[in-house]
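# Observations on chain architecture
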Amino acid sequence: MKFTLPLMVLITAALLSGCSDDGGTPTPPETGTVVVTISPEGLVVSWTLNGPDAFIASGRRDTVLTERAVGDYTMTWGELPGYFEPPIAAQNLSAGETVTFHGTYVLDPTATGSVAIDVSPDVLHPSWVLKILTGGGLHDAAGMGDATIDDLPPGPLTVDWQPIPDFIEPHGGQFDYELASAEELTVSGAYTPRPPLDIQMVRVEAGTFVMGSPEWELGYAPPFDTPIRPDEEAPQHEVTLTRALLVSTYEITQGQYLGVVGSNPSTFDGTVNRPVETVSWLQACQFCNALSASEGLDLAYDIVGAAVGWNQNAEGYRMPTEAEWEYLCRGERPDAFAHGPITVLGEGQNPESDPVLERLGWYWSNSGGPFIGSTMPVGSKLPNAYGLFDMHGNVAEWCWDRYGATYYAASPETDPDGPAVGNRRVLRGGSYASYANGCRSASRVGLDPSVGVGSVGIRVVRWAETVSAEKPRDVK
């Protein structure tokens, strides 16, 4: 089909006219964007934006408002104590454009104040954190010991104090203050010496439990191919303990050891409520006898030089047997820890923490490890079901038994007290320098009884008086 030139012109004009009527040519947008920014960066302060068609928006931080109707907008900035607020601002928003309302707050030098941190005793240099609620954290500060912080806006503030072993931190560790306009506020951080703990005992009834660990429990770590538990924790076997015990609630502290023996062998000395350590097995026996003598109790140990015999009928203090220790540690739980199973081995230079052990004990991951870590005040983690603290970690604890790697295969079912011969004595519980797997209820190692190590301490037990109609526990 052929078209004449005039007809083609008419068709083209009609097409062009149709495209225009149908919106083929883009229509300019009738909205724009409003940006709200505040300085100094991070400042938290209220603002209110008014716009066309009775539009109102409010906020406290930087904001981007999209698809806003074109027209006139007005910004009103909120007041902030200690600052000059920006003036009211007005801008016109055109279609497809972006307008920015920027509010710059300036400190009022006549309103700002200062906070002086005054720590006592002067020999202490604890760290602290000063949190200024006005200003959204812009004026927060941290330091150690005495200090003065200037140019602070008036308003509420909080001081957090670092815990220090053997001291009670000021105001329970945190306190709220109010800084007035142009005030010089002095915050007193008076640390009070924590009184030494008495030796507290908790009664634990007799019972039956399964000693050792299942083969699948995380124990070894690479380079071993399979992370199963060590062979010396096998086989699992049922053990019955026939007599109730009184057990020290905490590991024996340095203050308690010093009060009984008159000396303190500890590596981390000068902290009365940290566990005593660097104490040999023989020194542990001597401590038990000295403690018994101080209370007029029959001595549990007959000590002649380095030879020690145990009088099992004596009512005095002693170390637990290995079976007693594991029974006490488990607190009626069959898991690796007294609050649940182990989930990570915690090996390596940057060991991963175990969430269950974190609540129960001090070990490599939360104490700094064997090189820069240390013991912690006893009782600063959660207790087990028997009310015993630090059964996992802090310091490993001496037991009465000689160490035997294969002893479980021949161990008596009732009241076992270890092999008859052996050059090492049993340590249980792991320490601040141990990985998570070394703090398990079933973990066991042996150490020369004449050696004192900075990660090894004592927990004492003694026989409890028999209660009529007492029913032994059956812990599986």
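The rules we used
- Residues numbered from 1 in each chain as written.
- Predicted model: local features only at pLDDT ≥ 70, side-chain atom pairs only at ≥ 80, totals over all residues.
- Heavy atoms only, no water.
- Helix = DSSP H or I, 4+ residues; strand = E, 2+ residues; numbered from the N terminus.
- Buried < 20%, exposed > 50% of the residue type's maximum accessible area, 1.4 Å probe, protein only.
- Contact = heavy atoms within 4.5 Å.
- Pairing = 2+ DSSP bridges.
- Core = buried A, V, L, I, M, F, W, Y, C linked by side-chain atoms within 4.5 Å.
- Phe/Tyr/Trp six-rings, centres within 6.5 Å; stacked < 30°, edge-to-face > 60°.
- Lys NZ or Arg CZ within 6 Å of the ring centre and 35° of its normal.
- Axes fitted to C-alpha atoms, helices over the stretch in contact; angles between N-to-C directions.

### Thoughts on the overall build of the protein chain
Regarding its fold elements, the protein chain presents seven helices and 30 strands. Put simply, the protein chain has 476 residues, and 48% of those count as buried. Partitioning the contacts of the protein chain with sequence separation of at least 6, the portion at a separation of at least 24 is 66%.

### Here we look at the pairing of strand 22 (residues 245-248)
Where strand 19 (residues 201-204) and strand 22 come together, four bridges link them in antiparallel fashion. The residue bridging Val202 from the neighbouring strand is Val247, located in strand 22. In this sheet, strand 29 (residues 461-463) lies alongside strand 22 in antiparallel orientation, the contact comprising three bridges. Bridging from a neighbouring strand, Val247 pairs with Val461 of strand 29.

### Concerning the nonpolar core
Counting 48 residues, the largest nonpolar core has Val247, Tyr301, Met319, Leu328, Trp398 and Ile458 as the members making the most contacts within it. By residue number, the principal contributor to this core is helix 3 (residues 281-294), which donates six residues. If we ignore the near neighbours within four places in the chain, the residues touching Tyr301 are Cys285, Cys288, Asn289, Val308, Gly309, Trp310, Tyr317, Arg318, Met319 and Trp400. Listed in part, the 20 residues of the second largest apolar core include Ile132, Trp161, Phe167 and Tyr191.

### Describing the packing of aromatic side chains
Across all of its chains, the model carries 13 aromatic pairs by this definition. Ring centres of Phe268 and Tyr432 lie 5.6 Å apart, and the angle between their planes is 85°; on these two criteria the pair is classed as edge-to-face. Placement of Phe268 in the loop between helix 2 (254-261) and helix 3 and of Tyr432 in the loop between strand 26 (425-428) and strand 27 (444-447) is noted, with a sequence separation of 164 residues between them. Each member of the pair, Phe268 as well as Tyr432, carries the same accessibility label: buried. Directly above the ring of Trp362 sits Lys381, whose terminal nitrogen or CZ lies 4.3 Å from the centroid.

### Quick word on the sheet that holds strand 25 (residues 396-402)
Pairing is mixed in the open sheet, where four strands are placed in the order 27-26-25-28. This sheet does not close on itself; its edge strands, each paired only once, are strand 27 and strand 28 (456-457). Summarising the sheet, strand 25 and strand 28 pair through two bridges and their orientation is parallel. Pairing of Ala396 across the sheet is with Val456, part of strand 28.

### Description of unusual backbone geometry
Comment: phi is negative for the bulk of residues other than glycine, and the bulk of peptide bonds are trans. That bond from Ser39 to Pro40 is cis: its omega, 5°, falls within 30 degrees of zero. By the secondary structure assignment, Pro40 is in the loop between strand 1 (31-39) and strand 2 (47-51). Cis geometry marks the peptide bond from Ser120 to Pro121, where omega comes out at -5°. Positive phi values are uncommon outside glycine, yet Asp53 reaches one of about 55°. Within the fold, Asp53 resides in the loop between strand 2 and strand 3 (55-59).

### A closer look at the sheet that holds strand 7 (residues 89-93)
Across the sheet, four strands lie side by side as 3-2-5-7; this open sheet has antiparallel pairing. Looking at strand neighbours, the two that pair on one side only are strand 3 and strand 7, the edges of this open sheet. If you compare each strand with its neighbour and ignore which way they point, the axes differ by 20° on average. The pairing of strand 2 with strand 5 (residues 71-77) spans four bridges and is antiparallel. Considered in strand 5, the bridge of Thr48 is made with Thr76.

### Here we look at the environment of Asn313
If you trace the backbone, Asn313 turns up in the loop between strand 24 (307-310) and helix 4 (322-330). In the structure, Asn313 is positioned 15 residues away from Asp298 in sequence and 8.9 Å away in space, judged by C-alpha atoms.

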